[in-house]
Amino acid sequence: VVGINTAIIAPGQAGSIGIGFAIPANAASNVINQLIEFGETRRGWLGVRIQEVTKEIAEIENLKKAAGALVASVGQNSPADKAGLKDGDIILEFDGKKIDTMRKLPKVVANTKVGKKVELKIWRNKKMISKRLTLGRLESSAEFKDKKTKTKKAEEFEIDTLKITVRDINPSDVKQRSLEKNLKGSVILDISSRSPLSGKLNVNDIIIEVQKKGLKTSASLNETVNKIIKQNQPLYLTIINNNNQKRYVAFKLK
C-alpha cells in the first residue's frame, strides 16, 4: 500500500481528470497501530507556537542559513515551558532529527512517542544550547483561546518611516485581551497600503519589541526605527497578533 485515497479532482460530469490525493501509508500505519494498541490516537506535544525562520531573521541571529523553527510563544506548563524553552529560541534539532524547515517540526513531534525523553538543539543569543524534556500528549493539552481585541481612544502617533499609526497599550487592552499587567508596546491603529508592514502585520497587532529590546512608548518608536535604518540593519519586530499570539517579523527597509 502506497497511500490511502482521500480526495480526487473531478470538476466536470465526465469524471476524474487523473489527479488524486492520499495519506502516505507510513503516516496511516502509525495511526492504525495506535488505534489497535490504545483505541485512540496519541500524538506528541511540545507546547510551542512556531513560525518560519526567514533570511532576514537568520542574518540578525547570525545563523549560517535560514533553517529551523522559530519559537513565537511557549505554552504555560507545557513540556517546552518546563524544559526552559523561551520565546525567540530557534529549534534546529529535535531528538536527533535536523529541523530544516518550520513545517518539519510538527510532523517530527507528532510522530514521536508520548512520554519519550528527547533532546533539543536550540539557537539562543547567537549560540547553540541543548535542552532535554519529556514529550507530552497533544490530545490532552489545553487549547489556546482566541480573544477579540477592542481599543480605547488614546494619543495617536504617526510613524512616518513605517507609514502606520499607533498608540500605547492601555489598561483596557490588558484587561480585555488578558495581557501581562506590565506589558508595554504600541497598538497598530492603521497601516497604509504603502507601508512596508502591509501584508505582514494587521490593525490591532501590538509591537512590543524592536531588535528584541522592549518598546517603552509609541512616541519613541519612530526614532528607534530611524536609528536602525541608518545602521543599515534589517528591522526585527516582536508583535502580539489579534489572537494574542507572539510573532516575529524581520525585513529590510529600502
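*Asks:* How should I be thinking about the side chain of D205 in this particular structure?
*Replies:* Mapped onto the elements of the fold, D205 is located in the loop between β13 (186-191) and β14 (206-210). Within the buried set, D205 has no salt-bridge partner at all; the shortest N-O distance to an opposite charge, 5.4 Å, is to R247. Not counting chain neighbours up to four residues away, the residues in contact with D205 comprise S186, V187, I188, I239, I240, N241 and N242.

*Asks:* Please clarify how the side chain of N222 should be interpreted in this entry.
*Replies:* Examined against the element boundaries, N222 turns out to sit in helix α6 (residues 221-230). There is a polar contact of 3.3 Å between the side chain of N222 and the backbone nitrogen of D160. Among all residues touching N222, those that are not within four sequence positions of it are I159, D160 and T161.

*Asks:* Whenever I open this one, the pairing of strand β16 (residues 235-240) confuses me. Can you help?
*Replies:* Each regular strand shows side chains that alternate between the opposite faces of the sheet. Most of β16 is tucked away: six of the six residues are buried. Every second residue of β16 is oriented toward a common face, with L235, L237 and I239 on one face and Y236, T238 and I240 on the other, all of them buried. Pairing of β14 with β16 involves four bridges; the strand directions are antiparallel. Within β16, the residue paired with E209 across the bridge is T238. Note: β16 against strand β17 (residues 246-251), six bridges, orientation antiparallel. Of the residues in β17, the one forming a bridge with Y236 is A250. Turn length for the β16-β17 hairpin, with the two strands adjacent in sequence and antiparallel, is five residues, and the turn residue N244 shows positive phi of about 60°.

*Asks:* Looking at this structure, how should I read the confidence of the model for the protein chain?
*Replies:* Reading predicted coordinates in detail is not appropriate for stretches of low pLDDT. Of all residues in the protein chain, 83% attain a pLDDT of 70 or more, and the chain-wide mean is 84. Of all secondary-structure elements in the protein chain, the lowest mean pLDDT belongs to helix α1 (residues 25-38), at 66, while strand β6 (residues 90-94) reaches the highest, 97. Note on residues 143-153: pLDDT is under 50 here. Beyond four places in sequence and across chains, it has 24 contacts.

*Asks:* What's the story with the packing of aromatic side chains in this structure? I'm lost.
*Replies:* Two measures describe an aromatic ring pair: the distance that separates the ring centres and the angle between the ring planes. What the rule picks out here adds up to one aromatic pair. Ring centres of Y236 and Y248 lie 5.9 Å apart, and the angle between their planes is 40°; this geometry places the pair in the tilted category. Here the residue Y236 occupies a position in strand β16, and Y248 occupies one in strand β17, the gap between them amounting to twelve residues. Considered together, Y236 and Y248 belong to a single accessibility category, that of buried residues. Sitting over the face of the ring of F251, K200 holds its NZ or CZ atom 5.4 Å from the ring centroid.

*Asks:* What exactly am I supposed to notice about the nonpolar core here?
*Replies:* Inside soluble globular proteins, nonpolar side chains tend to come together where they are buried. In terms of nonpolar packing, the biggest core is built from 20 residues, with L162, I164, L201, I207, L221, L235 and L237 touching the most fellow members. Among the secondary structure elements, those contributing two or more residues to this core are β11 (157-159), β12 (164-168), β13, β14, α6, β16 and β17. For L235, the residues in contact, after removing those within four places along its chain, are L162, V210, Q211, V225, I228, V249, A250, F251 and L253. With 19 residues, the next largest nonpolar core counts V74, I99, L120 and L133 among its residues.

*Asks:* Would you mind showing me how to read α6 here?
*Replies:* What sets the pattern is the α-helix's 3.6 residues per turn: residues three or four places apart point alike. Residues of α6 that are buried: L221, N222, V225 and I228. All buried residues of α6 lie within an arc of 125° about the axis, which places them on one face of the element. Packed against the buried residues of α6 are β11, β12, β13, β14 and β16.

*Asks:* Looking at this model, I keep getting lost on the pairing of β14. Mind explaining?
*Replies:* Buried residues dominate β14, accounting for four of its five residues. In this sheet, β14 lies alongside β13 in antiparallel orientation, the contact comprising two bridges. Among the inter-strand pairings, V187 is bridged to a residue of β14, identified as I206. Pairing of β14 with strand β15 (residues 213-214) involves two bridges; the strand directions are antiparallel. Paired with V210 across the two strands is K213, which belongs to β15. Hairpin connection between β14 and β15: a loop of two residues separates the two successive antiparallel strands, and Q211 in this loop has a positive phi of roughly 55°.

*Asks:* Just to check I follow, could you spell out a negative patch on the surface for this structure?
*Replies:* A surface patch of like charges, here negative, comprises E156, E158, D160 and D190. Note on placement: D160 falls in the loop between β11 and β12. We classify D160 as exposed; its relative accessible area is 56%.

Criteria and thresholds
- Residues take numbers from 1 onward in each chain, read along the sequence in its written order.
- With pLDDT at 70 or above as the cut-off, local features in this predicted model cover only qualifying residues; side-chain atom pairs require 80 or more to be listed or tallied, and sums for whole chains, interfaces and linings still use all residues.
- Computation of side-chain values covers all heavy atoms of the structure but excludes hydrogens and water.
- Secondary structure counts use DSSP, requiring at least four H or I residues in a row for a helix and at least two E residues in a row for a strand, with both numbered from the N terminus.
- To sort residues, take the accessible area from a 1.4 Å probe on protein chains only and compare it with the maximum for the residue type: under 20% means buried, over 50% means exposed, and anything in between is partly exposed.
- Under the counting rule used here, the positive set is Lys and Arg, the negative set is Asp and Glu, and His together with the chain ends is not counted.
- For salt bridges, the criterion is a side-chain nitrogen of Lys or Arg within 4 Å of an Asp or Glu carboxyl oxygen.
- Contact between two residues is taken to exist if any of their heavy atoms lie within 4.5 Å; hydrogens are not considered.
- Two N or O atoms count as a polar contact when they lie within 3.5 Å, although within protein this holds only if one can serve as hydrogen donor and the other as acceptor, and sequence-adjacent residues are included solely when both atoms are side-chain atoms.
- DSSP bridges decide pairing: two strands pair if at least two such bridges lie between them.
- pLDDT measures how confident the predictor is about each residue, on a scale from 0 to 100.
- Only Phe, Tyr and Trp rings take part, Trp by its six-membered ring, and two of them pair if their centres are within 6.5 Å. Stacked means planes under 30 degrees apart, edge-to-face means over 60, and tilted covers everything else.
- A ring is scored as having a charge over it whenever the NZ atom of a lysine or the CZ atom of an arginine sits within 6 Å of its centre and within 35 degrees of its normal.
- Take the buried residues of types Ala, Val, Leu, Ile, Met, Phe, Trp, Tyr and Cys, join any two whose side-chain atoms come within 4.5 Å, and each joined set is a nonpolar core.
- By definition, the arc is the one covered by directions from the helix axis to the C-beta atoms.
- Residues with no salt bridge and a relative accessible area higher than 30% make up the patches, which join like charges within 9 Å and nonpolar side chains (Val, Leu, Ile, Met, Phe, Trp, Tyr) within 5 Å.
- Working definition of accessibility: Shrake-Rupley area with a 1.4 Å probe, residue cover restricted to the visible protein chains.
- Taken as the charge centre is NZ of Lys, CZ of Arg, CG of Asp or CD of Glu, depending on the residue.

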